[in-house]
Amino acid sequence: MTKAVTLVFFFAALLCPAHAQETFSVRGVVQDRTGAAVAGAEVRFHSPHSSISTRTGSDGRFEISGIYDPEGTLTISATGFEPISQQWVSSASNSPLAI
């Protein structure tokens, strides 16, 4: 049975110059509704030009680096939770986003 709990994640975009082309990073923490870290969740960034994924650590934190597109979709999935997706657009303000 899947828990009816929404995963919450916070992330920030970081602009990182790399040679002649800019790359981006997404980092954040995945938590359940109670604020508890969700360890081992898969975090996937997908855009027309790339698909990169990682897993959260024991503290729920993740980082995806080497993103060449300034926008795409982040999808988070974890055992026992409904998957959740959110559009992501690079921001120089590095503002957190919760969904």
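(A) Layout of the pattern of salt bridges. Summed over the entire model, instances satisfying the criterion amount to two salt bridges. Ionic pairing is found between Arg61 and Asp59, a salt bridge with its closest N-O pair at 3.5 Å.

(B) Representation of the environment of Arg55 in the model. With respect to the helices and strands, Arg55 occurs in strand β4 (residues 50-55). Through-space distance from the C-alpha of Arg55 to that of Ala41 is 5.3 Å; in sequence the pair is 14 residues apart. When near neighbours in sequence (up to four residues on either side) are disregarded, Arg55 contacts Gly40, Ala41, Glu42 and Arg61. Separated by 2.9 Å, the side chain of Arg55 and the backbone oxygen of Gly40 make a polar contact.

(C) Region of interest: the nonpolar core. By size, the foremost hydrophobic cluster in this structure holds 16 residues, and its most contacted members are Val30, Val43, Ile67 and Trp88. Listing elements by their share of this core, those giving two or more residues are β2 (21-31), β3 (42-47), β5 (61-67), β6 (71-77) and β7 (84-89). Leaving out residues up to four positions away in the same chain, Ile67 has contacts with Glu22, Thr23, Phe24, Val26, Phe45, Ile52 and Trp88.

(D) Highlighting the packing of aromatic side chains. With the rule as written, the count across this model stands at two aromatic pairs. Centroid distance Phe45 to Trp88: 5.4 Å. Interplanar angle 85 degrees. Geometry classified as edge-to-face. Of the two residues, Phe45 is situated in strand β3 and Trp88 in strand β7; the sequence distance between them amounts to 43 residues. Look at Trp88 and you get buried, because its relative accessible area is 1%. An aromatic cluster is built from Phe24, Phe45 and Trp88, whose rings are joined through pairwise contacts.

(E) A look at the sheet that holds β7. The sheet built from four strands is open, its strands ordered β4-β3-β6-β7 with antiparallel pairing. Taken across any chain shown, the strands that pair with only one partner, and hence form the sheet edges, are β4 and β7. Neighbour-to-neighbour, the strand axes of the sheet open up by a mean angle of 20 degrees, direction not taken into account. Alignment of β3 against β4, held across six bridges, turns out to be antiparallel. Paired with Val43 across the bridge in β4 is Thr54.

Each value, and the rule that gives it
- Residues numbered from 1 in each chain as written.
- Predicted model: local features only at pLDDT ≥ 70, side-chain atom pairs only at ≥ 80, totals over all residues.
- Heavy atoms only, no water.
- Salt bridge = Lys/Arg side-chain N within 4 Å of Asp/Glu carboxyl O.
- Helix = DSSP H or I, 4+ residues; strand = E, 2+ residues; numbered from the N terminus.
- Contact = heavy atoms within 4.5 Å.
- Polar contact = N/O pair within 3.5 Å; in protein donor to acceptor, adjacent residues only side chain to side chain.
- Core = buried A, V, L, I, M, F, W, Y, C linked by side-chain atoms within 4.5 Å.
- Buried < 20%, exposed > 50% of the residue type's maximum accessible area, 1.4 Å probe, protein only.
- Phe/Tyr/Trp six-rings, centres within 6.5 Å; stacked < 30°, edge-to-face > 60°.
- Pairing = 2+ DSSP bridges.
- Axes fitted to C-alpha atoms, helices over the stretch in contact; angles between N-to-C directions.

Geometry only, nothing functional implied.
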